[in-house]
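# An overview of the molecular structure
Chain residues, written in single-letter form:
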Amino acid sequence: MLLYPTAVPDGLSLPSVDVDATFGARLVARAERYERFLYVDWALAQVALLVTLVLYARKGATFTRESAAGPLGTGMLLGMLGLAIVWLVGLPFGLVALWWQRRYEVEDMGYLEWIYSDWAVLAAEFLAICVALVIVMGLARRLGERWWLPGAAVFVAIGALFTFATPYLDFTTRPLEDKALLAAQTRYERDLGLPDVPVRVEDVSDDTEQANAYAYGIGPSRRVVFWDTMLRDPFTESEQKVVLAHELSHHSQDHLPEGIGWFALFAIPGAWILMRATRVRGGMGAPEAVPLALLVVVLLQLASAPAANAISRRMEAEADWKALQVTRDPASLEKLMVGLSETSLGDPAPPGWAGLLLGTHPSLADRVAMARAWAERNQP
Amino acid sequence: MAPDSATVERPIRLVVRDDELRRSRLTVVFRLFLAIPVLVWLGLRGIAAFLVGFVNWIAVLLQGEVPDSLHDFVAGYVRYATQVSAYVFLAADPYPWFRVQPDYPVDVEIAPPKRQGRWGGLFRIVLALPALVLATALGGGLSFGPSGGSSTSAQGSEGEWVFWGSSAGGAAAVAALLAWFYALARGRAPRGARDLVAYALGYGAQALGYALLLTGRYPSSDPALAEPYAELPRHPVQMVVTDSLERSRLTVLFRLFLAIPHIVWILLWTIAVLFAGIAAWFAALATGGVPQGLHRFLAAYVRYAVHVQAYLYVIGRRFPGFTGQPGTYGIDLEIDPPRPQSRWLTLFRFFLAIPALLLASALGGVALLVAFLVWWYALVRGSVPEGLRNLGVACIRYQEQASAYLLLLTDRYPYAAPVLQGRRHEPELSVEPAVGDAF
């Protein structure tokens, strides 16, 4: 249970929140309309993805004739082609979502720009899938069906290395210069028992109206990044301080190392299932098994999404609670949630299934409820 | 089965009647200046020819055929342009004067007018664009962007701006430049470079003739068309093509992404090759030859570079392996075993390789353009045109012969003629000196 403890008090009961009164009935109705369309788009994209992958799992092995490479190279080709097909199938759904976001003025990015900007990420994914397949297929060809245990260990190690190294590969952000926030940072770090964590700013306002901030890195590579959209209206300085405290709390509560631990717990049985499922195609050492493996991995991701999201929500709730403890400003947290709903058009109280499958954070209404619960406990 | 493009009758065909390759050093020194009067005259004739070309266009739209007199006028211009270009690019020595020479050493034969499709005529300038771009890349080269200037920003501050212009191709221009030095020294043109220039002029004549409606047949870039005059001597580094022309559209669409692991791998391999090349240089200086193990390692690298480039440029069909093994890919390189090499040529290898690397760079630009054209064609048709594929292979062949020369896999200089198959008798290239029939 090393991964499960939380700073949120046991048995904390969250008061019910009247979302219309808190967020405004008009905003709630608009956010619901906005999100409903995106839910449908997402669901259709998932159906299309699964159908495509099922077809690819059945027919994909025919692409082996397009390879003059050995088994590992052919496996890489099949993996990359699978990724290419998935990208192509997802493209219209992504464009429709972008159209909707532009219609609601949440995104400013052009359609072609959106496709082009995705290419660097796609190239990195092509490379990543090649590395993953070389590891898995290489181990499977050497160890046979016993590959899954060392394979899972290698992936956890890569995940840890990636989490550690990513901040050092960031060349797009700039240091935060807001003196008030920097002063607050020093105070929060002292209260949270953290050393100096660099806080940086990512300029995204040319492309989107959405506001965000995130924490990443482990140990000496820890960073907090604000989108520049978070550092302007409608967010006040007090709200920005709450965001800063929230992100620093992720580091003080070791959420990123915990995430790697959780990944390990999922990766080991996942690798075992992958080994068993691909037996019918000769095991992961055979390139013909790669299309089926892609389908299995996507199914595993979908199946584990509710649990993974629950773990993520638990961490986010803990970061909110710690942020309240260091800022002692529940009113700003509440206003922050209203501001996030305004800029990102997030539905304050999404349907249960959406929270289960997509909710990496507690709903905005739940976060407001937590602010009120904290206030009830800690203020006279 | 589609007919071999080399055997198909071509309405615009290059003729080369200059086997001796002798050049007058005096006219070579001042070649560009001497050409000024004929270039001015060519420009004036060009204006007239383009006006007549417009009339041809109307004629094809109305009656599906170009009148004989107009056809002859434009054909005369295309022939004259070829002769003047051959003189400027050192592919021929006699002065072209101000009219078409009937027995000029480099000339084009143009068939009489035939009926042409009206639809093909209507969109001729659009259809001709890829061929004209390729002809330009093969000839003088393409360049993009102005070289510099000044501007005033919206805020009113004036500043200097510079665009780094980039260029593609210009293979014939580079070959002519190298031939200029060679001809000054030896009093004759290098055969390979002359054949490359002639091939470029032949393609240019086809493209121009097609654009000006002399023919409805699309220009063929197949290097096989150069075979009547060009030859490919036996070389220790030879291309072997066994690939099919079919392409999977999916792998074509994502070709650049699919090549990513190979690009990463070849970059890593190149680092090792840098050290291996230096070691081979020292070994060749000390022992007069490259050790078998180093030769095998470097040969595998050069072969792998061919596989990757062919795949990336859609010239090759299948995803290549990562080891550069011989005989594993449809566009492959045969490299002879190591042989003793001259220590003098080894000592100055890097400097000797510079002209070949310049030409390889120009041909690399042509290959890139070929890749772009082939990519679109394959995406639409699910196959690649044989002529363009073979031109791409010829460009890669020269590039990798240059790499092999630089990496001491052979001391035979790369051969520039864009030919893929040697003649049956496979004439031996003069070995003395090894830079001899350069380019």
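Note that the structure is a prediction, hence the values are computed from the model and not measured.

Assigned secondary structure in chain B consists of 14 helices and eight strands. Burial analysis of chain B (439 residues in total) assigns 49% to the buried set. Relative to all contacts within chain B whose residues are 6 or more apart in sequence, the contacts with residues 24 or more apart total 76%.

The interface is formed by 16 residues belonging to chain B together with 16 residues belonging to chain A. When residues of the side of chain B that touches chain A are traced back to their parent elements, those giving at least two are helix 8 (249-253), helix 9 (255-258) and helix 10 (260-287) of chain B. Top contributing element to the side of chain B that touches chain A by residue count: helix 10 of chain B, with three residues. Class assignment of the residues belonging to the side of chain B that touches chain A gives a composition of 11 nonpolar, four polar and one charged.

Formed by 172 residues in total, the largest nonpolar core has its most connected members in A175(B), V197(B), L298(B), V302(B) and V370(B). The biggest single contributor to this core is helix 13 (residues 349-381) of chain B, with 14 residues. Residues lining this core come from more than one domain, with at least three contributed by each of domain 1 (12-145 + 163-226) and domain 2 (237-406) of chain B. Membership of the second largest hydrophobic core comes to 41 residues, among which are F23(A), Y188(A), V242(A) and A371(A).

With that settled, the discussion passes to the sheet that holds strand 4 (residues 223-227) of chain A. Residue and element names in this part refer to chain A. Ordered in space as 1-2-4-3, the four strands form an open sheet in which the pairing is mixed. Among the strands making up the open sheet, the edge pair consists of strand 1 (173-175) and strand 3 (213-216). Taken over all neighbouring pairs, the strand axes of this sheet differ in orientation by 30° on average, direction set aside. The strands touched by helix 7 (residues 237-252) are strand 2 (199-202), strand 3 and strand 4; relative to strand 3, the strand with the most contacts, the crossing angle is about 20°.

All names here are of chain B. In terms of domains, chain B is made up of domain 1 (12-145 + 163-226) and domain 2 (237-406). Computed over C-alpha atoms, the centres of domain 1 and domain 2 are 30 Å apart. Elements that contribute at least two residues to the side of domain 1 that touches domain 2 include exactly helix 5 (124-138), strand 6 (166-168) and helix 6 (171-186). Looking at the side of domain 1 that touches domain 2, the element that brings in the most residues is helix 5, giving five residues. Split into classes, the residues belonging to the side of domain 1 that touches domain 2 amount to 12 nonpolar, five polar and one charged.

Our next topic: the pairing of strand 2 (residues 106-110) of chain B. When a strand is regular, its side chains alternate between the sheet's two faces. All names here are of chain B. Among the five residues that make up strand 2, four are buried, leaving the element largely enclosed by the rest of the structure. Bridge count between strand 1 (residues 12-16) and strand 2: five bridges; the pairing is antiparallel. Each bridged residue has a counterpart across the sheet, and for V15 the counterpart in strand 2 is D107.

With that out of the way, let us pick up the pairing of strand 4 of chain A. Residues and elements named next belong to chain A. Note: strand 2 against strand 4, four bridges, orientation parallel. Looking across to strand 4, one finds that E202 is bridged to W227. Across four bridges, strand 3 lies against strand 4 in antiparallel orientation. Residue Y216 lies in a different strand from strand 4, and its bridge partner there is R223. Taking the residues that link successive antiparallel strands as the turn, the strand 3-strand 4 hairpin has six residues, and the phi of G217 there is positive, at about 95°.

Relative placement of two packed helices is described by the angle separating their axes and the distance separating the axes. All names here are of chain B. Orientation of helix 3 (residues 68-88) relative to helix 7 (residues 191-211), taken along the N-to-C sense of each, is 155°, at an axis distance of 10 Å. Regarding the angle of helix 3 to helix 7, the classification is roughly antiparallel. When you trace helix 3 past helix 7, the crossing you get is right-handed. Packed against helix 3, whose contacting residues are V78, A81, T82, S85 and A86, the element helix 7 presents L201, A205, L208 and G209 at the interface.

Glycine aside, residues mostly have negative phi, and peptide bonds are mostly found in the trans state. P234(A) follows D233(A) through a cis peptide bond whose omega is 10°. Backbone geometry at W97(B) places phi at a positive 55°, although glycine is not the residue there. Inspection of the secondary structure puts W97(B) in the loop between helix 3 and strand 2. Phi is positive for L408(B), close to 65°, though the residue is something other than glycine. Within the element layout of this structure, L408(B) appears in the segment after helix 14 (386-406).

To continue, consider the environment of R249(B). Residue and element names in this part refer to chain B. Mapped onto the fold, R249 is located in helix 8. Take R249: there are 13 C-beta atoms within 10 Å of it, and that puts it in the partly exposed class. Sequence-distant contacts of R249, defined by excluding residues within four places in its chain, comprise L379 and G382.

All names here are of chain B. Packing of helix 11 (residues 292-312) against helix 14 leaves a shortest axis separation of 10 Å and a crossing angle of 155°. The orientation of helix 11 relative to helix 14 falls into the category roughly antiparallel. Relative to helix 14, the crossing made by helix 11 is right-handed. Contacts from V302, A305, V306, Q309 and A310 in helix 11 reach I396, E400, S403 and A404 in helix 14. For the contact of helix 11 with helix 14, a count of residues per class yields six nonpolar, two polar and one charged.

The next point concerns helix 10 of chain B. Helix length check: helix 10 of chain B (28 residues) gives 39 Å between terminal C-alpha atoms against 40 Å at 1.5 Å per residue, within 8%. Listed as buried for helix 10 of chain B are I260(B), P261(B), H262(B), I266(B), W269(B), V273(B), A276(B), G277(B), A280(B) and A284(B). In this structure, the buried side of helix 10 of chain B is in contact with helix 3 (71-103) and helix 4 (111-143) of chain A together with helix 9, helix 11 and helix 12 (343-347) of chain B. Positive phi shows up at G288(B), right after helix 10 of chain B, with a value of about 80°.

Calculation criteria
Residues numbered from 1 in each chain as written. Chains lettered and ligands numbered in written order. Predicted model: local features only at pLDDT ≥ 70, side-chain atom pairs only at ≥ 80, totals over all residues. Helix = DSSP H or I, 4+ residues; strand = E, 2+ residues; numbered from the N terminus. Buried ≥ 20, exposed ≤ 12 C-beta atoms within 10 Å, placed from the backbone. Contact = placed C-beta atoms within 7 Å. Nonpolar A, V, L, I, M, F, W, Y, C, P; charged D, E, K, R; others polar. Core = buried A, V, L, I, M, F, W, Y, C linked by C-beta atoms within 7 Å. Domains from an automatic or database assignment. Pairing = 2+ DSSP bridges. Axes fitted to C-alpha atoms, helices over the stretch in contact; angles between N-to-C directions. Parallel < 35°, antiparallel > 145°, perpendicular 65-115°, else oblique. Left-handed = near helix turned anticlockwise from the far one by under 90°. Expected span 1.5 Å × (residues − 1).

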